[in-house]
Amino acid sequence: MSPTVTTTYYLTETNVYGCVNSNNVTITTNPLPVVNAGSPVSVVLGSSGQFNGSSTPSTGVTYSWSPTFGLSSTTIANPTVTPTSAGTTTYTFKVTNTSTTCKASATVTATATALTSSITGNSSFCAGGSTTLTANTNGPSGVTYQWTKSSTLTGTYTIISGATSSTYAASVAQYYKVKVTNGTAFTTSTPGFAVTVNPLPTANAGSNVNIFAGQSATIGAASVGSDTYLWSDGTSASYPSTSSITVSPAGSTTYYLTETNPATTCFNNGTVTVGVLADPTITPETTTTFCTGGSVVLDESTSWPNTMGYQWYLGTSSNPASASAISGATTSSYTASASGYYFVLVSASSTLTDMSAGTLVTVNPNPTVSVAGSPICAGSTGTLTATSSTATSYLWNN
């Protein structure tokens, strides 16, 4: 007999004498509680979830959960569940009506996944920079981080002080790990993540150099591998994309070089200044036209940025090709006493020289004079006669 509703049963009894009697009994069928164990729970190890059991009726009943491990309580409808190992556990939620003792149950699962972590980010950067490493985890927002580093993949990893966020700016070549902790009992550590530092190109623009106006200079250095080169002087002027270039600036100019390694995209900058020296200038201290026996001091009067060498020349025309070096005339001044065009060759180095324009010095000859006279007696007078083909005036004295 298993009635599903309240039922009255009737009994008729007849004995051996044919006598009949009857009776009845009513069986009351109490309803079972309606039980709902709630939705399944999924958490990461170290985290907690909550079951949300319910029943009808919700009063006059008692609750029990099984198994009991990981539960904050086994006698409430909504206990907290904290799994202690990865996997899925099925829990049974039983409800008992205290007035009828009728019971019913339902099941729900709690699934725990292992705490995982990984590192992403650029594994290399250019010297002087850094790369941001990011710790990725399936843990909740409350997990903690600790970054460590080592000079070798399998070496001892030391704690990086203060590196306790989900990102870390690595500025040196090392192997990096991050330890992720969820709660107090569950941690995971990533494999070593190698970070390398790519060197910058040298960007050798060469040494500062001086030239004279109208001359040229080659700046830069030998090319390196497949590196690319970009030159600029700060204006819109364009230059060859080579490691060295030849320039002829009108005035002192600074050149800027950017060298890029296309394999690493690292670049570096260099500068070089090409100074343009003024042409040497001859300044006479006095007139350059004088008589035989006179002279004039010629000075090379340009102000130079460094010590210069000098060599004076004397020529027959304003063309320097007509001139010859004057022996021993190797200072910045020269005393000229002969007619001709004087030049000075100024040398900043064995390869950096410049010749001045010619300065004309004119030496006029002195007049040639002959004087004639006849002997006289005392108390008499005589006549003196001066004869010259070049004299224009005469002054007598005794």
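Relevant structure appears above.
Residues numbered from 1 in each chain as written. Predicted model: local features only at pLDDT ≥ 70, side-chain atom pairs only at ≥ 80, totals over all residues. Heavy atoms only, no water.

## What to know about the pairing of strand 17 (residues 174-182)
Inclusion rule: A pair of strands is treated as paired once DSSP finds two or more bridges between them. Only runs of H or I of at least four residues qualify as helices and only runs of E of at least two qualify as strands under DSSP, and these elements are numbered from the N terminus.
Sheet analysis places strand 14 (residues 144-150) next to strand 17, joined by 7 bridges and oriented antiparallel. Bridge assignment links Tyr-145 to a residue of strand 17, and that residue is Val-180. As paired elements, strand 17 and strand 19 (residues 193-198) share 3 bridges and run antiparallel to each other. Bridge pairing in strand 19 links Tyr-175 to Ala-194. Relative to strand 18 (residues 186-189), strand 17 runs antiparallel, the two being bridged by 4 bridges.

## Notes on a nonpolar patch on the surface
Test applied: By definition, no residue in a patch forms a salt bridge, and every one has over 30% relative accessible area; like charges are joined within 9 Å, nonpolar side chains (Val, Leu, Ile, Met, Phe, Trp, Tyr) within 5 Å. Computed by Shrake-Rupley with a 1.4 Å probe, the accessible areas treat only the displayed protein chains as cover when residues are assessed. For salt bridges, the criterion is a side-chain nitrogen of Lys or Arg within 4 Å of an Asp or Glu carboxyl oxygen. Using a 1.4 Å probe on the protein chains alone, a residue whose accessible area is under 20% of its type maximum counts as buried, one over 50% counts as exposed, and one in between counts as partly exposed.
A surface patch of nonpolar side chains, amounting to about 530 Å² of accessible area, comprises Val-369, Val-371, Leu-384, Tyr-394 and Trp-396. Its place among the elements puts Leu-384 in strand 36 (residues 384-388). On the basis of relative accessible area, Leu-384 is assigned to the exposed category, the value being 56%.

## Quick notes on the sheet that holds strand 16 (residues 167-170)
To summarise the sheet geometry, strands pair through backbone hydrogen bonds and adopt either a parallel or an antiparallel arrangement. As a reminder, the rule being used: Angles here are taken between N-to-C directions and fall from 0 to 180 degrees, while the axes themselves are lines fitted to C-alpha atoms, restricted in helices to the stretch in contact.
If you walk across this open sheet you meet the 3 strands as 11-13-16, and the pairing is antiparallel. Strands with a single pairing partner mark the edges of an open sheet, and in this sheet they are strand 11 (117-120) and strand 16. The average angle at which neighbouring strand axes cross in this sheet is 25 degrees, direction not considered. Where strand 13 (residues 131-137) and strand 16 come together, 4 bridges link them in antiparallel fashion. Of the residues in strand 16, the one forming a bridge with Leu-133 is Tyr-168.

## Quick look at the state of the cysteines
The cut-off we apply is this: We call a pair of cysteine sulfur atoms a disulfide when they lie within 2.5 Å.
The final tally for this structure, using the stated rule, is 1 disulfide. One disulfide in the model links Cys-126 with Cys-266; its S-S distance is 2.0 Å. Torsion about the S-S bond of the Cys-126 and Cys-266 cystine: about -100 degrees, corresponding to left-handed handedness. Separated by 140 residues along the polypeptide, Cys-126 in strand 12 (residues 124-126) and Cys-266 in the loop between strand 24 (253-260) and strand 25 (267-277) bring together distant segments of the chain. Accessibility expressed as a relative area gives 23% for Cys-126, which makes it partly exposed. The class of Cys-266 is buried, set by a relative accessible area of 0%.

## Some remarks on the nonpolar core
Cut-off, in case you're wondering: Side-chain atoms within 4.5 Å are what join buried Ala, Val, Leu, Ile, Met, Phe, Trp, Tyr and Cys residues into a set we call a nonpolar core. Only heavy atoms matter for contacts: two residues are in contact if any of them lie within 4.5 Å across the pair.
Formed by 32 residues in total, the largest nonpolar core has its most connected members in Ile-219, Trp-231, Leu-298 and Val-361. Considering every element that reaches this core, the biggest residue donor is strand 25, with 4 residues. Setting aside residues up to four positions removed in sequence, Val-361 forms contacts with Thr-288, Phe-290, Val-296, Leu-298, Ala-336, Ala-338, Ser-339, Gly-340 and Tyr-342. Grouped together as the second largest cluster of nonpolar side chains are 20 residues, Phe-51, Val-81, Tyr-91 and Ala-110 included.

## Notes on the pairing of strand 2 (residues 20-27)
A regular strand places its side chains on the two faces of the sheet in alternate fashion. The buried fraction of strand 2 amounts to 0 of the 8 residues, a small share that puts the element mostly on the outside. Bridge count for strand 1 (residues 7-14) against strand 2 is 8 bridges, and the pairing is antiparallel. Bridge pairing in strand 2 links Leu-11 to Asn-23. What sits between strand 1 and strand 2 in their antiparallel hairpin is a turn of 5 residues, with Gly-18 showing a positive phi close to 85 degrees.

## Section: the sheet that holds strand 24
Read across the open sheet, the 4 strands follow the order 20-25-24-22; overall the sheet is mixed. Of all the strands in the sheet, the pair left with one neighbour each is strand 20 (209-212) and strand 22 (228-232). Here the average twist between neighbouring strands, direction ignored, is 25 degrees.

## Notes on unusual backbone geometry
Here Thr-56 and Pro-57 are connected by a cis peptide whose omega angle stands at 0 degrees. Tracing the backbone through its elements, the reader meets Pro-57 in the loop between strand 6 (54-56) and strand 7 (61-66). Of note, the bond from Ser-66 into Pro-67 is cis; its omega dihedral lies within 30 degrees of zero at -5 degrees. As for its placement among the helices and strands, Pro-67 is situated in the loop between strand 7 and strand 8 (80-81). Backbone geometry places Ala-203, a non-glycine residue, at a positive phi of 50 degrees. Residue position: Ala-203 is located in the loop between strand 19 and strand 20. Unusually for a residue other than glycine, Thr-265 sits at a positive phi of about 65 degrees. Mapped onto the fold, Thr-265 is located in the loop between strand 24 and strand 25.

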